[in-house]
Amino acid sequence: MKQISLRAAVIVFGAGTLTLSGLAYAAGSLKASTNKDLVDAMHGEAFAAFKYLAYADAARAHGHPEVAELFERTAKVERDEHFVEHAKRVGLVGTDVENLRDAIKGESYETSDMYPAMARRAEVVDDKDAAWHFEEVGGDEAKHRDAFQAALAKISAN
């Protein structure tokens, strides 16, 4: 199995290699509680997938490639089967324009609100490294937002 770093997995997953367009169920027919449960399950599956990829990187670094492969196989199921099936049921993926607008909204929030607040809270309690980390990631999120905005402008011009 090809080794993939956690950072590469986040980039690949975050860039939207999972295309679910046209696969959505009639999401509007779900009861609110079921929709919430599916979204909660998606968060759990996504977290588990990336956690397992981090575990795989560690296992490989510790000289246990068979354990790394187990974690990678399991991460793939969490992402490609469980997450995708939940996502289909809630109608996660829309048109490219809708998806870009949603991505811009999320990245903008992370850039302007979430990471700055986290950095401030870490700074207040003297967790300097974490504060620096939050600031750095917030800057990355701004770049993501800008790239999504450029893509939206490009496809909207056509």
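Cut-offs and rules
Residues numbered from 1 in each chain as written. Predicted model: local features only at pLDDT ≥ 70, side-chain atom pairs only at ≥ 80, totals over all residues. Heavy atoms only, no water. pLDDT = per-residue confidence, 0-100. Contact = heavy atoms within 4.5 Å. Axes fitted to C-alpha atoms, helices over the stretch in contact; angles between N-to-C directions. Helix = DSSP H or I, 4+ residues; strand = E, 2+ residues; numbered from the N terminus. Parallel < 35°, antiparallel > 145°, perpendicular 65-115°, else oblique. Left-handed = near helix turned anticlockwise from the far one by under 90°. Nonpolar A, V, L, I, M, F, W, Y, C, P; charged D, E, K, R; others polar. Salt bridge = Lys/Arg side-chain N within 4 Å of Asp/Glu carboxyl O. Buried < 20%, exposed > 50% of the residue type's maximum accessible area, 1.4 Å probe, protein only.

Draft legend 1. Just the confidence of the model for the protein, in detail. Across the protein, the average pLDDT comes to 87, with 82% of residues at or above 70. Across residues 1–26, where pLDDT falls below 50, the model places 41 contacts with residues more than four positions away in sequence or in other chains.

Draft legend 2. Examining the packing of helix α4 (residues 96–124) against helix α5 (residues 128–157) more closely. Interaxial distance between α4 and α5 falls to 8 Å at its minimum, and their mutual angle equals 160°. On the basis of their axis angle, the class for α4 and α5 is roughly antiparallel. Here α4 and α5 pass one another in a crossing that is left-handed. For the contact of α4 with α5, the residue count by class is 17 nonpolar, five polar and nine charged.

Draft legend 3. Spatial organisation of the environment of F47. You can see F47 is positioned in helix α2 (residues 32–61). Considered as a pair, F47 and A75 are 28 residues apart in the sequence and their alpha carbons are 9.5 Å apart.

Draft legend 4. Highlighting the pattern of salt bridges. Inspection of every chain in the model, using the stated rule, returns nine salt bridges. The partner of D80 in a salt bridge is R79, and the shortest N-O contact between them spans 2.5 Å. Judged by relative accessible area, D80 falls into the partly exposed class, the value being 25%. Owing to a relative accessible area of 25%, R79 belongs among the partly exposed residues under this scheme. For E85, the salt bridge identified is with K88, shortest N-O distance 2.6 Å. Taken together, the residues E85 and K88, both in helix α3 (residues 65–90) and three residues apart, mark about one turn of the helix. What makes K88 buried here is its relative accessible area of 15%. A single network of salt bridges, built from pairs that share partners, joins K76, R79 and D80.

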